[in-house]
Every structure is written in C-alpha cells, then in structure tokens.
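# Topology and contacts: notes
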Amino acid sequence: MFTGIITAIGHIRAVHALGDSAAHGKRLDITTPAGYLDDVALGDSIALNGACMTVTAFDAAAAQFSIEISAESLRLTAGLDQPGPVNLEKALRAADRLGGHIVSGHVDGIGQVSHFAPVGESHELRILAPQALAPFLAYKGSITVQGVSLTVNAVRDVPQGCEFSINLIAHTLAHTTLQYLQTGSRVNLEVDLMARYVARMLECQARPAAPGQTP
Ligand SMILES: Cc1cc2nc3c(=O)[nH]c(=O)nc-3n(C[C@H](O)[C@H](O)[C@H](O)CO)c2cc1C
Ligand SMILES: Nc1c(NC[C@H](O)[C@H](O)[C@H](O)CO)[nH]c(=O)[nH]c1=O
C-alpha cells in the first residue's frame, strides 16, 4: 500500500536483460538520494513511477538498489524499460500520515499527455486515458499519475478515450518527475480504489441475482 506522496526522485542507471527473449523481464539498477535506503530491507516494496516493485538487492551506503521487472509488468507500464528519472515511494507504514489517497501500486493503464502548460502560478496537465478507465474518473476524484496522488479537476469523454485535467502546483513539479512531461509522454495511471468498488457494486446491482444466491 502507498499514498501517492512521492518521497524522492531516483534514477534508473542500468537496465539488464534477464533472458534473451521478450518473455523475459529485466533487472533495473536504481540510485537514490543519500540515506533514502537506510530503513529499507531486502524484499521491501518500493513503487517506481507508481508500479510496486520488490527490492531484490541493495547497498544503502551506495544509495543503490535493484528490482526485477517481469515481462508482464513491462507490458502494463510505461517508461520502466530505459534509464532515466523515476518517482520513488516506499510502502506505507501503519503510523504514516495518509497525505494522498490509498494506492495499491498496480498500474491500471497507460495514459498520454495531451496538454501541459503553465496557468497562473501552477500548471495544467491534461491526460488522455484509455476508454476502459473512463468509469473510474470523476470530478474531484483521486488519480495516480506516475505514482503521484492528484485531484481530477475536469473530465470529458472524447472519441479516443477519456481526457482529464489536473492542476499541478510548483511543489509537486519540483519534487516529482512530472516536471519532465511533454505533450505525447506516456504515463502510468492507477484509478482510485473507491471508484473501482463503486463501479463494481453498480455492475452487480444491474445484474439479476443468480438462483439460490443470498444478499
Ligand atoms: C507488493 C507488490 C510487489 C510487486 N513486485 C513486483 C516485482 O518485483 N516485479 C514486477 O515485475 N512486478 C511486481 N509487482 C507487480 C507490478 O506492480 C504490476 O505488474 C504493475 O504495476 C502493472 O499493473 C508487484 C506488485 C505488488 C502489489
Ligand atoms: N492532489 C494534488 C497534489 N498533491 C500533492 C502531491 O501528491 C505531492 O506534492 C507529490 O507526491 C510530491 O510529494 N499536487 C498537485 O500539484 N495537484 C494535486 O491535485
């Protein structure tokens, strides 16, 4: 479990093939700010751009850790197959403040930036999401973009899917990789857990109960 409050920007320094075909995953070597791994142990979960990964090796003194990403996870996520900056979040501890919203670390879909420009003292970010995620996007609902917990300010259905808009404050840009986004950038999306349950309840209510089924 995560909250979507990014705690550091790391860097994917090396991407190693774990086999010689597309069915194989990759090992990523990631560096972090000094001290970031001091409370991390082998097997801990760290989200990379919103995708939960398991620490398979680490050197806290060198501020470096490795994860293995499966071919399946590579297929379902964006940007984790190449060197570059990544948003990092360690898994939630019971005593932590829930500053964002509840995030599982399972990427639900890949969106594409359709607009990113300054507006007043902040920035407007618009993202085109796949049609399958449209039922989970709502005005003032929560969404995770590249692992960052954000508030949806507008949603509209378009022929290619569902476009939503977010207001990004300077603090969020400065502390996340969202500062590097451009029109056309692909981003990992995770929809709000509550929206997922509401959609499922509505789906079940619309269906007649099976014979012998009790409420
Ligand atoms: C606790 C947890 C740990 C995970 N660890 C890994 C991992 O080490 N490697 C991987 O390829 N996928 C892992 N996943 C799955 C990965 O996050 C998922 O495939 C993508 O987010 C796409 O939905 C993990 C998921 C969770 C919830
Ligand atoms: N909800 C919005 C946020 N939230 C704060 C960020 O999640 C946080 O700054 C980031 O994870 C770094 O720690 N920020 C926005 O700019 N816009 C929102 O709607």
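Per an unreviewed UniProt entry, the chain goes by Riboflavin synthase and derives from Allofranklinella schreckenbergeri. In UniProt, the chain has this text filed under Catalytic activity (unreviewed entry): "2 6,7-dimethyl-8-(1-D-ribityl)lumazine + H(+) = 5-amino-6-(D-ribitylamino)uracil + riboflavin". As stated in UniProt under Pathway (unreviewed entry), the record for the chain gives "Cofactor biosynthesis; riboflavin biosynthesis; riboflavin from 2-hydroxy-3-oxobutyl phosphate and 5-amino-6-(D-ribitylamino)uracil: step 2/2."

## Here's the deal with the UniProt feature "domain: Lumazine-binding" (unreviewed entry) in the chain
In the numbering adopted here, UniProt assigns the feature "domain: Lumazine-binding" (unreviewed entry) to residues 1-101 and 102-202. The span residues 1-101 shows a helical share of 6% and a strand share of 42%, and its end C-alpha atoms are spaced 10 Å apart.

## Section: the pairing of strand β7 (residues 109-119)
By the bridge criterion, 4 bridges tie β7 to strand β12 (residues 186-191) in an arrangement that is antiparallel. What sits directly across from Gln112, in β12, is Arg186. As paired strands, β7 and strand β8 (residues 122-129) are joined by 7 bridges and run antiparallel to one another. Note that in β8 the partner of Phe116 across the bridge is Leu125. In textbook terms, the turn of a hairpin is the stretch between consecutive antiparallel strands, and for β7 and β8 this stretch comprises 2 residues, one of which, Gly120, has a positive phi near 60°.

## Thoughts on the pattern of salt bridges
Tallying each qualifying case throughout the model produces 10 salt bridges. A salt bridge links Arg207 to Glu203; the shortest N-O distance between them is 3.3 Å. By relative accessible area, which is 47% here, Arg207 ends up partly exposed. On the basis of relative accessible area, Glu203 is assigned to the partly exposed category, the value being 42%.

## Focus: the site of ligand 2
Ligand 2 sits among 13 residues. The nearest are Ile6, Ser149, Asn167, Ile169 and Thr172. Separating an oxygen atom of ligand 2 from a backbone N or O atom of Ser149 is a distance of 2.9 Å. Asn167 has a polar backbone atom sitting 2.8 Å from a nitrogen atom of ligand 2. Surface burial for ligand 2 is 83%, taken as the share of its 440 Å² of free accessible area covered by protein chains. Put simply, the parts of the chain that give the shell around ligand 2 at least two residues each are β10 (148-158), β11 (161-168) and α2 (170-175). When residues in the shell around ligand 2 are grouped by element, the largest group, 4 residues, is from β10. The class makeup of the residues in the shell around ligand 2 is 6 nonpolar, 7 polar and no charged.

## Section: the side chain of Asp29
Structurally, the position occupied by Asp29 is in strand β2 (residues 26-31). Side-chain polar atoms of Asp29 contact the side chain of Ser66, separated by 2.8 Å. Excluding residues that lie within four positions of it along the chain, Asp29 makes contacts with His11, Ile12, Arg13, Ala14, His16, Phe65 and Ser66.

## A few points about the sheet that holds β11
Read once around its circumference, the closed barrel built from 6 strands follows the order β7-β8-β11-β10-β9-β12, with strand pairing classed as antiparallel. Averaged over all adjacent pairs, the angle separating strand axes in this sheet is 45°, with direction ignored.

## A few points about the site of ligand 1
In the vicinity of ligand 1, 14 residues are found, and the nearest of them are Cys52, Glu68, Ser70, Ser73 and Val107. For ligand 1, an oxygen atom lies 2.8 Å from a polar atom in the backbone of Cys52. One of the backbone N or O atoms of Val107 is found 3.0 Å from an oxygen atom in ligand 1. Burial of ligand 1 by the surrounding chains reaches 75%, relative to a free accessible area of 560 Å². Contributing elements (two or more residues each) for the shell around ligand 1: β4 (51-59), β5 (64-69) and α1 (71-76). For the shell around ligand 1, the element with the most residues is β4, which contributes 4 residues. The residue inventory of the shell around ligand 1, partitioned by class, reads 6 nonpolar, 7 polar and 1 charged.

Rules used in this analysis
- Residues numbered from 1 in each chain as written.
- Chains lettered and ligands numbered in written order.
- Predicted model: local features only at pLDDT ≥ 70, side-chain atom pairs only at ≥ 80, totals over all residues.
- Heavy atoms only, no water.
- UniProt positions renumbered as here; feature names shortened; annotations may be inferred.
- Helix = DSSP H or I, 4+ residues; strand = E, 2+ residues; numbered from the N terminus.
- Pairing = 2+ DSSP bridges.
- Salt bridge = Lys/Arg side-chain N within 4 Å of Asp/Glu carboxyl O.
- Buried < 20%, exposed > 50% of the residue type's maximum accessible area, 1.4 Å probe, protein only.
- Near = heavy atom within 4 Å.
- Polar contact = N/O pair within 3.5 Å; in protein donor to acceptor, adjacent residues only side chain to side chain.
- Areas by Shrake-Rupley, 256 points an atom, 1.4 Å probe, with all protein chains shown as cover.
- Nonpolar A, V, L, I, M, F, W, Y, C, P; charged D, E, K, R; others polar.
- Contact = heavy atoms within 4.5 Å.
- Axes fitted to C-alpha atoms, helices over the stretch in contact; angles between N-to-C directions.

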